[in-house]
Amino acid sequence: MQSLYVEGNSALHRLSPRAKILALFLLGFVLFLSNNLLLLAVVMLLTVLIYRSVDMPVKESAARLKPIFLTIAFVALVTLIVNPWHQAFATLLRLTGLMLFAAAVTATTTIAQFMDEITTLVRPLERTGWVRADDVGLAVGLVLRFVPEIIARYHAISEAHAARGLKLRPTTILTPLIILTLRDADNVAAAIDARGIRRHVS
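Residues numbered from 1 in each chain as written. Predicted model: local features only at pLDDT ≥ 70, side-chain atom pairs only at ≥ 80, totals over all residues. Heavy atoms only, no water.

Time to look at the pattern of salt bridges. Across all of its chains, the model carries two salt bridges by this definition. Linking Arg18 and Glu117 is a salt bridge whose minimum nitrogen-to-oxygen distance equals 2.7 Å. Of the two residues, Arg18 sits in helix α2 (residues 17-33) while Glu117 sits in helix α6 (residues 111-122), which places them 99 residues apart along the sequence. Classification of Arg18 as partly exposed rests on a relative accessible area of 35%. Measuring nitrogen to oxygen at the nearest pair gives 3.6 Å for the salt bridge that ties Glu60 to Arg64. Taken together, the residues Glu60 and Arg64, both in helix α4 (residues 58-82) and four residues apart, mark about one turn of the helix. Classification of Glu60 by relative accessible area gives partly exposed; the value is 35%. (Salt bridge = Lys/Arg side-chain N within 4 Å of Asp/Glu carboxyl O. Helix = DSSP H or I, 4+ residues; strand = E, 2+ residues; numbered from the N terminus. Buried < 20%, exposed > 50% of the residue type's maximum accessible area, 1.4 Å probe, protein only.)

Quick look at the nonpolar core now. In terms of nonpolar packing, the biggest core is built from 26 residues, with Tyr51, Val54, Met56, Leu65 and Leu100 touching the most fellow members. Every element with two or more residues in this core is listed here: α2, α3 (37-52), α4, α5 (85-107) and α6. With nine residues, α5 is the largest single contributor of residues to this core. Ignoring sequence-local partners within four residues, the contact set of Tyr51 consists of Met56, Ser61, Arg64, Leu65, Leu100, Ala103 and Ala104. (Core = buried A, V, L, I, M, F, W, Y, C linked by side-chain atoms within 4.5 Å. Contact = heavy atoms within 4.5 Å.)

On to the confidence of the model for the chain, then. For the chain, mean pLDDT is 80; residues scoring 70 or higher make up 82% of the total. Ranking the helices and strands of the chain by mean pLDDT puts α3 first, with 94, and helix α8 (residues 170-195) last, with 65. (pLDDT = per-residue confidence, 0-100.)

Set out below in structure tokens:
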């Protein structure tokens with residue numbers, strides 16, 4: 001499997017994984033509390049600069065975001081149909097800013113670092129009996145592992161449509177993408193259970 005991590009020595013690379021993860025949570029909290037278009041636009045522009053500070057070619061950095069941005073654009077369009085334009089625009093700015101910062105964080109943090117930090121942060125909640133920190137860390141690691149695979153499949157399906165002269169539509173792209181992703185998720189879950197990696201409740 002591919003990894004979203006990009007080798008580099010940017011300021012974001014040097015920042016501690018915990019600080020980046022907490023900053024991502026804080027940013028999401030702030031963005032979803034505010035409906036001020038000016039504030040959301042400024043934050044989005046800042047996240048553009050942060051994402052561009054990562055040592056990645058422009059073409060690669062854009063390719064990573066295309067499938068997610070198309071999804072965001074679709075959500076904003078649906079919001080526009082049922083809500084005033086400013087709410088749809090706020091949704092577009094909010095989700096785009098969050099996507100850009102999340103992409104910068106995942107590009108500068110290894111999966112192992114993510115898993116270690118998430119496991120440590122969730123560990124105190126184990127006392128409640130609601131979660132198992134190791135399982136949460138494993139789930140986050142698997143999600144990060146699957147993202148580049150989903151992006152690669154999106155491009156493969158798009159190229160197959162183009163080769164057949166078919167018009168790209170959300171239904172013809174998302175349906176096979178979801179089916180393939182769920183199939184792989186089932187296979188990975190079965191492999192994890194077969195190896196006894198997850199702890200089971202007695």
